[in-house]
Amino acid sequence: MSDRLMVVFALLTTLITAPVARSQPASAETPAEDLSVLREKFLPRTFVDPSGERHGYRLLMPDGYQEDDVKKYPLVVFLHGAGERGNDNLAQLKHGAYEFARPERQMQYPCFLLAPQCPKEEKWVDVNWGSGSGQGTFPETPSDSMQATLGMIDHWTKTGRVDTDRIYLTGLSMGGYGSWFAAGYAPERFAAVVPICGGGDPTWAARYGQMPIWAFHGSADKAVPVDRSREMISALKQSGHSPEPIYTEYEGGPHDVWTQTYARDDLFRWLFSQRRAAR
């Protein structure tokens, strides 16, 4: 075989065998009918808080789950961003949630996923999203929507269907703030937290105990300053947080880094390997 033919053969072999990375938004790569199938997996539910107020949420059941199933499954709590607020009990699934419902994900990581919806004009945590620092900004009292979310978690853990040592928390943008808040406010509930392009309060660094943390942010984020994630990771490290928090910053990344983050295989492997530290 000539040298030129050998080079051509090597290039063809590389093209055929190279893995294809999935990093595009679901809406750009998934046919509408397939998204419809995924959407049907998220059952509409309503939580009634002690005051009688009703809060809509969606619940993903593990693939193949039966009512008489005695096996306990992990629970992922998913907090959406500001653009998905409302009362249709559907918009909160727009970004990220579908990744957990994909058959290949459920085959490897069967889980419940709880996706509450925050009403318009409300927040998971009452802070200024555009502030360059979160120093001293977190309130001691949860917002109504956050309190309802904690109530939903308690409701489902009491059913006996959830592995209480594997309750995971994640959120994007406004939900990233909510993730930092909930993990610090109620650390005993969660086995790990993944805040994406959000921000916290560095004075809360000691509240996270031994919780595994992996935060993500884009360096060119124009909506939430990247310093909000940087200062949280710095504060955690200075406080001696163990295990050491993981931080991934996408160079030149915009506000939407959640699409590529929730498509990461390494994130799923890491998240579902975590267990709540002994109390």
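Residues numbered from 1 in each chain as written. Predicted model: local features only at pLDDT ≥ 70, side-chain atom pairs only at ≥ 80, totals over all residues. Heavy atoms only, no water.

**Examining the overall build of the chain**
Along the chain, the regular secondary structure elements total ten helices and eight strands. Taken over 279 residues, the chain has a buried fraction of 51%. In the structure as shown, the chain presents an accessible area of about 13,300 Å², 52% of it carried by carbon and sulfur atoms. (Helix = DSSP H or I, 4+ residues; strand = E, 2+ residues; numbered from the N terminus. Buried < 20%, exposed > 50% of the residue type's maximum accessible area, 1.4 Å probe, protein only. Areas by Shrake-Rupley, 256 points an atom, 1.4 Å probe, with all protein chains shown as cover.)

**A closer look at the side chain of His241**
Its place among the elements puts His241 in the loop between α8 (227-238) and β8 (246-250). In terms of polar contacts, His241 uses its side chain to reach the backbone carbonyl oxygen of Gly209, at 3.2 Å. If sequence neighbours within four positions are ignored, His241 has contacts with Tyr208, Gly209, Gln210, Met211, Ile213 and Leu236. (Polar contact = N/O pair within 3.5 Å; in protein donor to acceptor, adjacent residues only side chain to side chain. Contact = heavy atoms within 4.5 Å.)

**Some remarks on the pairing of strand β1 (residues 42-48)**
Bridge count for β1 against strand β2 (residues 54-60) is seven bridges, and the pairing is antiparallel. In the sheet register, Arg45 faces β2, and the bridge partner there is Tyr57. In sequence, β1 turns back onto β2 through a hairpin of five residues, with Gly52 there showing a positive phi of about 95°. (Pairing = 2+ DSSP bridges.)

**Section: helix α6 (residues 144-157)**
Helical geometry note: an α-helix holds 3.6 residues per turn, so side chains three or four residues apart project in the same direction. Taking 1.5 Å per residue as the helical rise, α6 with its 14 residues ought to reach 20 Å, and the 20 Å between its terminal C-alpha atoms agrees with that figure. Those residues of α6 that fall on the buried side of the exposure criterion are Ser145, Met146, Ala148, Thr149, Leu150, Gly151, Met152, Ile153 and Trp156. Residues of α6 that are buried sit in contact with β1, β2, β3 (73-79), β4 (112-116), β5 (162-172) and α7 (174-185). (Expected span 1.5 Å × (residues − 1).)

**Focus: the pattern of salt bridges**
Under the defined criterion, the tally for this structure stands at 13 salt bridges. Between Arg207 and Glu140 there is a salt bridge, with its nearest N and O atoms 2.7 Å apart. With Arg207 in the loop between β6 (192-196) and β7 (214-218) and Glu140 in the loop between β4 and α6, this residue pair connects regions lying 67 residues apart in the sequence. For the salt bridge of Asp266 with Arg264, the shortest nitrogen-to-oxygen distance reads 2.8 Å. We classify Asp266 as partly exposed; its relative accessible area is 27%. Members of the salt-bridge network, linked through shared partners, are Asp154, Glu188 and Arg189. (Salt bridge = Lys/Arg side-chain N within 4 Å of Asp/Glu carboxyl O.)

**Structural notes on the packing of aromatic side chains**
Going through the model one piece at a time under the given rule, you end up with 20 aromatic pairs. Arranged with centres 5.9 Å apart and planes meeting at 90°, the rings of Tyr73 and Phe112 form a pair that is edge-to-face. Of the two residues, Tyr73 is situated in strand β3 and Phe112 in strand β4; the sequence distance between them amounts to 39 residues. By relative accessible area, Phe112 is classed as buried at 1%. Relative to Phe272, the ring of Tyr109 lies with its centre 5.0 Å away and its plane at 20°, an arrangement referred to as stacked. Placement of Tyr109 in the loop between α5 (103-108) and β4 and of Phe272 in helix α10 (residues 265-272) is noted, with a sequence separation of 163 residues between them. Residue Tyr109 shares its accessibility class with Phe272, and that shared class is buried. Between Arg207 and the ring centre of Trp204, over which it is positioned, the NZ or CZ distance is 4.0 Å. (Phe/Tyr/Trp six-rings, centres within 6.5 Å; stacked < 30°, edge-to-face > 60°. Lys NZ or Arg CZ within 6 Å of the ring centre and 35° of its normal.)

**Digging into the environment of Thr261**
Within the secondary structure layout, Thr261 lies in helix α9 (residues 258-262). Through-space distance from the C-alpha of Thr261 to that of Thr248 is 9.5 Å; in sequence the pair is 13 residues apart.

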